[in-house]
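Fold and contact review
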Amino acid sequence: MNKNGFKDRCKINKIIVSNDTLTSICIIIGSSCFLALILSACASKTSRKVTTSPAVIVSKPNSVVMSEAELTRGTFRNSRRSNVPPALILNNMKETVYYSSKTSMLTMRMANLYGIQVLQEYPAEKKRIAKKQLHDAMRITNDIYEALLIFAPLADQPKLKQKIKMSQDYWFLLERKLSEEPTKEGFLDVLDLSDKLLSRNDTMAKLIETHASGHQSKFIDIAGRQRMYAMKLSRDYLAANMGVDKEHRMALMLETVNVFDSAMLALEGASNNTADIKGLIKSITKMQWRKVYQMVHECINDNGTKLNLFVMINFCETLLEKTDRLTMLYTEAWTVNVEQDRTW
């Protein structure tokens, strides 16, 4: 082999060695990049799991624990219903007067329905119906407070809005108690809470009625309160029958009877009563109210020894139906200037 050939061969060998080294380096670099990509993907996946896990836990209703303060403020309810369209929408002031007055009746009715479930001698099927009616009444009560708060003319009145919120906050406390398993001890708490909420609802309803336009708004409120009195009599008669706060409940019954009687006379003498309203008032005073009046006085005169609970409950339910219909008739008869109703 000549000298030049040997040099050429050496050059070729050098090139071959250089290419092998380069290939090895490329393989090492490629493997490192591939490993880095895998580790990065794993880290990203782990990161996503960590950040999304708490959101899943928070979104579970059963994992939320409410304090009494949160319940009072209604924060849980507002967040729970934030994306739910309102079930009740108020269109005018006459509907507002009607429904604001209805909160008082519902307060008494719910206390009554709770107490019925405590009775040992009450039929199981009727207890089941009372439980369902209680849940329905609780749902309607929530809907009314929410509708009152978003009704524009009320929302623009700070004092009114504050009164509505005060009633709603106290309602949350009663709602919590009503959601518990009914007991005789619990009924005593329900009686106390329902009396306090009734006072707040009355203040709210009267303030709304005062600001409403139209002469008929007063009679809507009076008739609406008669619904509440029917349920209040039933509630207190039930409590007296159970021996729960008996003397106080009997005193309240006597007071309620006198107020109901005076209110019926006021409605009877209203100058704008339609034929339907007159006929219904006559039906109430001559039939159901006469029976209820008699039974209450018998209970009081005999110091609570003469009680006919089931008959009283049935009469008060019928009285509720008729006074509610009377309230609707006054609502329908309310004539008010459209511009006044808009601007309030």
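Each remark here, short or long, concerns the structure printed above.
Below you will find a few notes about this structure.

Let us now look at the side chain of Asp236. Tracing the backbone shows Asp236 in helix α9 (residues 216–242). A polar contact is formed between the side chain of Asp236 and the side chain of Arg249, at a distance of 3.2 Å. The contact partners of Asp236, leaving out residues within four places of it in the chain, are Arg249, Leu252 and Met253.

As for its position among the elements, Asp221 is in helix α9. Nearest to the buried, unbridged Asp221 among oppositely charged side chains is Lys206, at 4.4 Å. Discounting chain neighbours no more than four positions away, the residues touching Asp221 are Val97, Ser101, Ala205, Lys206 and Glu209.

So, about the environment of Val296. Relative to the helices and strands, Val296 resides in helix α11 (residues 275–301). The buried category is assigned to Val296, whose relative accessible area is 0%. C-alpha of Val296 to C-alpha of Thr256: the two residues are 40 residues apart in sequence and 10.0 Å apart in space. Among all residues touching Val296, those that are not within four sequence positions of it are Leu233, Met253, Val257 and Met312.

Counted according to the given criterion, the structure contains 15 salt bridges. Salt-bridge contacts for Asp169 lead to Lys165; the nearest nitrogen and oxygen are separated by 3.8 Å. With a gap of four residues between them, Asp169 and Lys165 both fall in helix α7 (residues 158–178), about one helical turn apart. Between Lys177 and Glu180 there is a salt bridge, and its shortest N-O distance comes to 3.1 Å. Residue classification places Lys177 among the buried positions, given a relative accessible area of 18%. Linked through salt bridges whose partners overlap, the residues forming this network are Asp195, Arg235, Asp236, Asp245 and Arg249.

The rules behind the values
Residues numbered from 1 in each chain as written. Predicted model: local features only at pLDDT ≥ 70, side-chain atom pairs only at ≥ 80, totals over all residues. Heavy atoms only, no water. Helix = DSSP H or I, 4+ residues; strand = E, 2+ residues; numbered from the N terminus. Polar contact = N/O pair within 3.5 Å; in protein donor to acceptor, adjacent residues only side chain to side chain. Contact = heavy atoms within 4.5 Å. Buried < 20%, exposed > 50% of the residue type's maximum accessible area, 1.4 Å probe, protein only. Lys, Arg positive; Asp, Glu negative; His and termini not counted. Salt bridge = Lys/Arg side-chain N within 4 Å of Asp/Glu carboxyl O.

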